[in-house]
Amino acid sequence: MKSDRRITNLIITGFSGTGKSLVAMEVALRLNWDFLDTDDEIVKQTGKPIAEIFRQDGEARFRELERETIRKACQQRQTVIAIGGGAIVDPQNYELLAKTGLIVCLEAKPETIYERLFREAARDPETVVRPLLAVDNPLERIRQLKASRQPHYAKADWTIHTDGLTIGEVAEEVIRASRLLSRTHPHLSPLPSRERKSGSQLESDDDIACVVETGTQSYPVFVGCGLLDKLGEKMKQAALSGTATVISDENVFSLYGSKVEGILKDAGFAVNSFVVPPGEETKSMDYAIKMYDFLVNHRAERDDIIIALGGGMVGDLAGFVAATFLRGMPWMQVPTSLVAMVDASIGGKVGVNHPEGKNLIGAFYQPNLVLADPQTLTTLPKRELTSGWAEVIKHGMILDEEFVQFMESNVSRLTKLEPELLARAIARSAAIKAQVVSQDEKEREGKRTILNYGHTIAHGLEAATQYKSFLHGEAVAIGMVGAAKLSQRLGLLPSAAVERQQALLQKFDLPTGFSGLDLTEITRAMELDKKVKEKAIRWVLLQDIGKAVIRSDVPQQDVLAILQELTEP
Ligand SMILES: NC(=O)c1ccc[n+]([C@@H]2O[C@H](COP(=O)([O-])OP(=O)(O)OC[C@H]3O[C@@H](n4cnc5c(N)ncnc54)[C@H](O)[C@@H]3O)[C@@H](O)[C@H]2O)c1
Ligand SMILES: [Zn+2]
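Everything quoted here is computed from the prediction, not taken from an experiment.

A. Structural context of the site of ligand 1. Near ligand 1 there are 26 residues, and of these Asp249, Glu280, Thr336, Ser337 and Thr379 occur at the shortest range. Asn251 has a polar side-chain atom sitting 3.0 Å from an oxygen atom of ligand 1. Contact distances for ligand 1 include 2.8 Å between a nitrogen atom and a side-chain N or O atom of Thr379. Surface burial for ligand 1 is 86%, taken as the share of its 850 Å² of free accessible area covered by protein chains. Looking at the shell around ligand 1, the elements with two or more residues in it are helix 10 (250-266), helix 12 (312-324), helix 13 (338-344) and strand 13 (357-364).

B. Layout of the coordination of the zinc ion (ligand 2). Protein coordination at the zinc ion (ligand 2) comes from Glu391 (OE), His455 (NE2) and His472 (NE2), with a distance range of 2.0 to 2.1 Å. Spacing between the donor residues of the zinc ion (ligand 2) along the chain follows E-x63-H-x16-H. Here the residue Glu391 occupies a position in helix 14 (residues 382-399), and His455 occupies one in helix 18 (residues 455-464), the gap between them amounting to 64 residues. For Glu391, a relative accessible area of 0% puts it in the buried group.

C. Summary view of the side chain of Gln237. Relative to the assigned elements, Gln237 resides in helix 9 (residues 231-237). Under the relative-accessibility criterion, Gln237 is labelled buried at 11%. Sequence-distant contacts of Gln237, defined by excluding residues within four places in its chain, comprise Glu172, Arg176 and Arg179.

D. Representation of the sheet that holds strand 10 (residues 305-310). Strand order in the open sheet made by the 7 strands is 6-7-14-11-10-8-9, with mixed pairing throughout. The open sheet terminates on both sides in strands that have one partner only, identified here as strand 6 (208-213) and strand 9 (271-276). Strand-to-strand twist of the sheet, defined as the mean angle between neighbouring strand axes without regard to direction, takes the value 15°. Here 5 bridges tie strand 6 to strand 7 (residues 218-223), and the two strands are oriented antiparallel to one another. Considered in strand 7, the bridge of Val211 is made with Pro220. Packed on one face of the sheet, helix 10 meets strand 8 (244-249), strand 9 and strand 10 and runs near 160° to strand 8.

E. Representation of helix 20 (residues 495-507). In a regular helix each residue adds 1.5 Å, so 13 residues correspond to 18 Å; helix 20 covers 18 Å between its end C-alpha atoms and thus fits that length. All of the buried residues along helix 20 are Ala497, Val498, Gln501, Leu504 and Leu505. One face of helix 20 carries all of its buried residues, which in axial projection span an arc of 130°. Of the exposed residues in helix 20, the ones pointing more than 90 degrees away from its buried face are Ala496 and Glu499. Contact partners of the buried residues in helix 20: helix 14, helix 15 (401-409), helix 16 (411-415), helix 19 (472-489) and strand 15 (539-544). One or two steps after helix 20, the chain reaches Asp509, where phi turns positive at roughly 70°.

F. Local environment of the nonpolar core. By size, the foremost hydrophobic cluster in this structure holds 82 residues, and its most contacted members are Leu377, Trp389, Ile393, Met407, Tyr453, Phe508 and Trp539. Residue contacts for Tyr453: discarding those within four places in its chain leaves Lys394, Met397, Ile398, Val476, Met480, Ala483, Ala484, Gln501, Val540 and Leu542. By size, the runner-up hydrophobic cluster in this structure holds 26 residues, among which are Ala267, Ile305, Ile307 and Leu371.

G. How the structure looks around helix 5 (residues 91-100). Residues Asn93, Tyr94, Leu97, Ala98 and Thr100 constitute the buried set of helix 5. Those residues of helix 5 that are buried lie in contact with strand 1 (9-14), helix 4 (59-73) and strand 4 (101-107). Its side-chain oxygen placed 2.7 Å from the backbone nitrogen of Gln92, Asp90 serves as the N-cap of helix 5.

H. Main features of a nonpolar patch on the surface. On the surface, Leu22, Met25 and Ile167 cluster together into a nonpolar patch covering about 250 Å² of accessible area. With respect to the secondary-structure elements, Ile167 resides in helix 8 (residues 167-184).

I. Quick look at the pairing of strand 13. In this structure, strand 12 (residues 349-354) lies alongside strand 13, joined through 5 bridges in antiparallel fashion. Residue pairing in the sheet places Val350 in a bridge with Ala363 of strand 13.

J. Here's a closer look at the sheet that holds strand 4. Here we have 5 strands laid out as an open sheet, ordered 2-3-1-4-5, and parallel in their pairing. Both edges of this open sheet fall to strand 2 (34-37) and strand 5 (158-161), since each of them pairs with a single strand only. Within this sheet the neighbouring strands show an average axis-to-axis angle of 20°, counted without direction. Relative to strand 4, strand 1 runs parallel, the two being bridged by 6 bridges. Bridging from a neighbouring strand, Ile11 pairs with Ile103 of strand 4.

Criteria and cut-off values
Residues numbered from 1 in each chain as written. Chains lettered and ligands numbered in written order. Predicted model: local features only at pLDDT ≥ 70, side-chain atom pairs only at ≥ 80, totals over all residues. Heavy atoms only, no water. Near = heavy atom within 4 Å. Polar contact = N/O pair within 3.5 Å; in protein donor to acceptor, adjacent residues only side chain to side chain. Areas by Shrake-Rupley, 256 points an atom, 1.4 Å probe, with all protein chains shown as cover. Helix = DSSP H or I, 4+ residues; strand = E, 2+ residues; numbered from the N terminus. Donors = N, O, S within 2.8 Å, 3.2 Å for Na, K, Ca; no water. Buried < 20%, exposed > 50% of the residue type's maximum accessible area, 1.4 Å probe, protein only. Contact = heavy atoms within 4.5 Å. Pairing = 2+ DSSP bridges. Axes fitted to C-alpha atoms, helices over the stretch in contact; angles between N-to-C directions. Expected span 1.5 Å × (residues − 1). Arc of directions from axis to C-beta. Core = buried A, V, L, I, M, F, W, Y, C linked by side-chain atoms within 4.5 Å. Patch = residues over 30% accessible without salt bridge, like charges linked within 9 Å, V, L, I, M, F, W, Y side chains within 5 Å. Salt bridge = Lys/Arg side-chain N within 4 Å of Asp/Glu carboxyl O.

The values are spatial; any link to function lies outside them.
Written as structure tokens, this is what we have:
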């Protein structure tokens, strides 16, 4: 029978008091699936509590209702179904459930069950005391009934011992089990993942900042202080296995390399590490080829994993290698710079530089997982950190006024890297980027363009100075001031908003102007930067804080006037 299983649901079974309903609800929340409790359905349908149905109509009638409810429930898809503790005993029910769902049984010791039921009854005396407790020796009754059902519970695909675990922990186990089973049991069709609110911040898993959901891949972005310790665990949850190749630069590897290797080995992964010199020059075809050689020599296979441990340079390079070696290997990002956490690690743009231009060679290749531990920012050089704040502020400016307020109210705590607030800011910023790229994975529909706020002038400044004077975020900060002023000049944005943005950038120690540069050099570089020849530059401007607009009709003399303004102290 098992061979024709078409798994579309998750079934949670087990004795009373094992937390079936709450766990099923929590799993549904985390997967964004529907939730259904067969007992609840019966109560809804009959308008009577279960105990009353037993009393008035007899157990046979209840089982009949239960069978009908289960039959209907099995027609659902992507539903987490909690079933009554005795339902699985019926062979007809079991047959149906096993055909369409992965059955997970929650187990607990009789003592635990007794205690939980007792507590529940005490907490909510309105509910009819469970028949199980209304006998002389309830513990013994639980033992007997449980033993009699055990052979049926044993038919579940997976059993979880819930003693000592919280509902959240059990839910996490259920999800892990479902992923493992759908991978290792070929007769189980993989659990489909339904459309989620992409880029939305999920409340249910403390570590998940958002889910990036693109046409080619959907993956979680985890953000949390101390999360590096859970790297192996999160990889296993994402069903990653095989040998892990850690790609990192010398700076980052010297700080976190051995720790990461240790965590991976403890989690059972074989590990090889490839360490490259830090700096943008390394993001090249030369180093990509060195990495291919390394992977060939270590006999890397298609199911092995590449882990990018470092800033955006490492992420882009390692991702490019992952995209191309063996026509694509699983990979994940462990960003360690602020830019990488909120920007470079999200969205799947990977690539290397060409001597003639940055990022000229590349691909869109989404990772399987992103795991950011803001604690690693404590070792990031101050100037790099400051530069990263520019992209964080940018995300607020284009889409989220509330987030801008949050940043304004917490400047000193954020710049001091206070863990909890820092993680919140990074999670929100990453979620904004995720939301945008989820709508326009390959930058075809123009929605991704708003991420270029501040970048038109920034690219001009960077190119005019041969990428030597400004860090990217510094140039972006100046570019944002320029774009806001331009918005004001075109009558889109009030001056108060321009000043508000400027004040925030300054509080984060970012530059808001420049000097000593030839303005025509900058405009020429801006022209060159445009993706399509002959077309006008697409300016990302602001209508309000948190509200970006795109305009292609900005007169050149206005741009020049703004550049001039940016040079004035
Ligand atoms: N793919 C994308 O969507 C995307 C987006 C933005 C930027 N990028 C790319 O990202 C790169 C810039 O990223 P970046 O600013 O992270 O640069 P980077 O990777 O060069 O890192 C900056 C410096 O910080 C060091 N460093 C990183 N993490 C550290 C830590 N925790 N402790 C101590 N030192 C640390 C690095 O060794 C390096 O010297 C560029 O190549 C850019 O093109 C890509
Ligand atoms: Zn940028």
